[in-house]
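Chain and residue survey
Read off the chains here:
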Amino acid sequence: MYRTALRNVLAHKGRLLMTALAVMLGTAFVAGTMVFSDTFGKAMRDSNSKSYSDVSVQVVDRAAGSGAGAKEKGESGSAALTDATVQQLAALPGTAGARGVVSGFTGVADHKGNLVGQFWAARGANFAPGQDGKDPRYPMAEGQGPKNGKEIALDRKTADKAGYKVGDTVRVAANGPVIEARLTGVFTTDDPVVNTGGTLTLFDKATAQQLLLEPGRYSSVVLTAKPGTSEDALLAQATPKVPVGHQFDVETGTKLKADEQEMITKGTDSMRTMLLVFAFIALFVGIFIIANTFTMLVAQRTKELALLRAIGASRKQVTRSVLVEALLIGTVSAAAGLVAGVGIGAGMQSLLGTLNENLPSGSLVIKPLTVAVTLVVGVVVTVLSALLPALRAARIAPVAAMSSGDQPASQKSLVVRNTIGSLLAAGGLALIGFGASTGDTSGRMPVGLGAFLALIGVFVLLPLLSRPVVALIGPLLRGLGGTPGKLAQQNAVRNPRRTAATAAALTIGLTLVSGLTVIGASVGDVVDKAVTSSMKADFVVGAANDMSLSEQVSAQIAKSPGVTASSPQTKTYLELNGTGRTVSGLNADSFDQLVGVKLTSGSTAALGKGQLLVDQDAAKELKVTTGSVLTVSYPDESTGQLTVGGVYETGGMLGSVVLANSEVAKHEPKPFVSDVLVKGKDGATAALKQTIKDATGANPVIEVKSKQDVRDDFSQTITFALNLMYGLLGMAVLIAILGVINTLAMSVFERKREIGMLRAIGLDRRGIKRMVRLESVVISLFGAGIGLALGCFIAWAINGTLKSSLAGLTTVLPYGQLALFLVLAGVVGLVAAIWPARRASKLDILSSIKTD
């Protein structure tokens, strides 16, 4: 029987090709993901391994971690790391050296005034020279380190990228105004920020402290142990010398390195998990192709299998024979997938390097686990997919099989199948509806479980659904294709199970694609409405790094020509009736000119009287209405009372509570300034935008955005996320296309005699091609249509669970995109039918009619 299985694989290798390709592509995705994540993770760990090479113990002031924002939040009076701290730590018996480090955000402008690199990877630090005038952390390749506030040094990559040379004037910015300084040195470094494409600017110590923290303050102190002193021993000595305060962390270099390695590992593991989810979606699609292929092979070999049964083969032997064929195909395909996966991993690494040339790279990492997982997944998926066809093959009675090449499903089996499918689909849809009705995150689990059950139930019911759905487009097929169109319709419903199995692969892909598209369109719509409805200001000015803007920025903008109204939008944290709330602050006198809110009660004039405005959700949670009095705890630890002056509709850009800036300043003199809203005399003109930019000193860190710019930013984010998802689902769609090709090709083989008879009675080659193509289009549209309907329904339910997070969220159906998906599904059907249709049209009439 094993020799028979091997001969069958070799005899039907052409018909098994598409199955092998489906398994190979799925396993290649798995292997490529694992190779890429292992390679990238190792490169990142190797790159960061030098970060703490000279660190025995490090003391970090977390309160200084926000850079210049720390001093604006009034933290300067708390305990801090100072020169006195550095001297005390340097005097420890186990300390060979102590170094104070200043670190914080610093953006560098290129010659055009644009920010070099990304804002999240732009950093500034202090140049700390020894007695020889050199800082071992930053060896100078050209020039020398900065000595005063008019000098800076840049890392080699940043200088080359921006086109700066020693002696040039460079414009840099931290949190305050732009600084123009002379470039005195260009240095090399193995700092991970620079190695991953970031920028690093060095200042002299006093300037770094003034710009990034405050005079005399350090963000961390690095200690180097004397020979013979362990890190743990130095840690024990240093800990009592650290200022009292909860914001200080004291760790050994080994612990810091281990923590960073763990963080990198978690990051790469998360990326791997996401990619593997899409890889297993592709394999799940492949299951339908494999099962369909073996079902058709068993049907085509019923006489052969019956003969084996007649000469003594048991049912178990027949089952094993089919499973051995699947095992052979799975093993060979998984091995090929492993090889292809290594290529995919290398390609992904190369692509990442192309997108960001500064990211670390290294040799490919192929772990034994990757090899084992790829081979096991490929074999297990193939064998399990072939299990049901193998069991069906064993149940064929020898006499019945010898008398007919096609054994129809019994009425009992169809009733059982449809009953199970109906129960699963109904239960899944009920769970989805229940989850959506909750309106908050508690409904996500029911929606997820319901979507899975509904998807399985629909798959089981697809044979039942195929006849009525295909019948709906029957008139269209007959009108477009004439006799070939009528034949295509009949062929599509001749074997509902086969049609369903082929269409199911496309159903999975279109369910996911359409669901993601509807969610993206819905989220984009609510964001667009929020910006449109609540923003009267022509421009929003904010820091690209989301740090607080300095007071000078707001003051300079207010004085700019063409500006009729402006207000800093501040953020503060208050306790209202014992409940913590983030409160937005705006100038009361310009509120109505800059912001639009729909009040349900009260008046915006209440802001000028020192009263609060709250949205409907906050009013409900705090159990207040207009006129209610709230007990307030302020950031300066004082308490008081505030009256609710109005309630407005939830949604928009304001947040849940609004208070006048004049009231905020009474208890927090330097609050966090997130944005500055600006209204122009002539609207959002390019001239006003440039005027505002000039008022900020052409600061590369500060962005000036119009209402349309804000919308476009959100739109680009959503579009990028959707395109990423579409790309990751591409493999599943490709495998689905292979499934259509496979089914049509094998169907043509089965119907050789029928096609020969059609040719004999007058249907020409063109008619045969049209028949096969239309059949392919029908199957593709059937699968796509079911997928679109299910995807839209699931998206509606997911939107229901997001309503608590996104006020005003409604389900938006992008009809144009959904129609495009259907059209593309039809094109997929046409493309998939090219080879099978060509093969069918070239069949010899006489030899086809004689086929047994």
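The structure reproduced in this document is the subject of the present report. Keep in mind the model is a prediction, meaning the values are calculated, not measured.

**Points about the overall build of the chain**
- Helix and strand counts for the chain come out as 28 helices and 22 strands.
- C-alpha atoms of the chain, sized along the principal axes, occupy 100 × 70 × 45 Å.
- Within the chain, the proportion of its 852 residues that are buried is 50%.
- Of the contacts formed within the chain by residues at least 6 apart in sequence, a portion of 82% connects residues at least 24 apart.
- Here the chain displays about 37,800 Å² of accessible surface, and carbon together with sulfur accounts for 61% of that area.
- Averaging the locations of the 81 positively and 62 negatively charged side chains of the chain gives two centres separated by 17 Å.

**A word on the sheet that holds strand 11 (residues 220–225)**
- A sheet is described by the order of its strands in space; here four strands give the open sequence 2-11-1-12, paired in antiparallel fashion. Every other strand in the sheet has two partners, leaving strand 2 (95–101) and strand 12 (248–252) as the edge strands with one partner each. The average angle at which neighbouring strand axes cross in this sheet is 15°, direction not considered.
- Relative to strand 11, strand 1 (residues 57–61) runs antiparallel, the two being bridged by four bridges. Note on strand 11: the bridge partner recorded for Val57 is Leu223.

**Considerations on the packing of helix 15 (residues 444–472) against helix 17 (residues 496–534)**
- Helix 17 packs onto helix 15 with a crossing angle of 130° between their chain directions and a minimal axis gap of 9 Å. Here helix 15 is positioned oblique relative to helix 17, judged by the angle of their axes. In the crossing of helix 15 with helix 17, the sense of the turn from one axis to the other is right-handed. Taken together, the residues of helix 17 that come into contact with helix 15 (itself represented by Leu455, Phe459, Leu462, Pro463, Ser466 and Arg467) are Pro496, Arg497, Ala500, Ala504, Thr507, Ile508 and Thr511.
- By residue class, the composition of the contact of helix 15 with helix 17 is eight nonpolar, three polar and two charged.

**Comments concerning the pairing of strand 15 (residues 579–586)**
- As defined by bridge partners, strand 14 (residues 563–576) adjoins strand 15 across seven bridges and the pair is classed as antiparallel. Bridge pairing links Thr572 to Val583 in strand 15.
- The turn joining strand 14 and strand 15, which pair antiparallel and follow one another in sequence, is formed by two residues; a positive phi near 55° is taken by Asn577.
- Here strand 15 pairs with strand 20 (residues 657–660) via three bridges, running parallel. Bridging from a neighbouring strand, Ser584 pairs with Val658 of strand 20.

**Concerning helix 25 (residues 765–802)**
- The terminal C-alpha atoms of helix 25 lie 55 Å apart, and with 38 residues this matches the ideal 56 Å at 1.5 Å per residue to within 8%.
- Helix 25 sits mainly inside the fold: 27 of its 38 residues count as buried.

**Points about the packing of aromatic side chains**
- Summed over all chains, the structure comprises five aromatic pairs.
- With a centroid separation of 6.0 Å and an interplanar angle of 15°, the aromatic rings of Phe36 and Phe40 are classed as stacked. You can see Phe36 and its partner Phe40 sitting in helix 2 (residues 13–48), four residues apart, about one turn around the helix.
- Taken together, a centroid distance of 6.3 Å and an interplanar angle of 80° make the contact between Tyr726 and Phe821 edge-to-face.

**Examining the pairing of strand 14**
- Of all 14 residues that make up strand 14, ten are buried, and the element is covered over most of its length.
- Judged from the eight bridges that link them, strand 14 and strand 21 (residues 672–680) form a sheet pairing that is antiparallel. Residue pairing in the sheet places Pro568 in a bridge with Val676 of strand 21.
- Alignment of strand 14 against strand 18 (residues 629–633), held across two bridges, turns out to be antiparallel. Bridge assignment links Leu576 to a residue of strand 18, and that residue is Val632.

About the criteria used
- Residues numbered from 1 in each chain as written.
- Predicted model: local features only at pLDDT ≥ 70, side-chain atom pairs only at ≥ 80, totals over all residues.
- Heavy atoms only, no water.
- Helix = DSSP H or I, 4+ residues; strand = E, 2+ residues; numbered from the N terminus.
- Buried < 20%, exposed > 50% of the residue type's maximum accessible area, 1.4 Å probe, protein only.
- Contact = heavy atoms within 4.5 Å.
- Areas by Shrake-Rupley, 256 points an atom, 1.4 Å probe, with all protein chains shown as cover.
- Lys, Arg positive; Asp, Glu negative; His and termini not counted.
- Charge placed at Lys NZ, Arg CZ, Asp CG, Glu CD.
- Pairing = 2+ DSSP bridges.
- Axes fitted to C-alpha atoms, helices over the stretch in contact; angles between N-to-C directions.
- Parallel < 35°, antiparallel > 145°, perpendicular 65-115°, else oblique.
- Left-handed = near helix turned anticlockwise from the far one by under 90°.
- Nonpolar A, V, L, I, M, F, W, Y, C, P; charged D, E, K, R; others polar.
- Expected span 1.5 Å × (residues − 1).
- Phe/Tyr/Trp six-rings, centres within 6.5 Å; stacked < 30°, edge-to-face > 60°.

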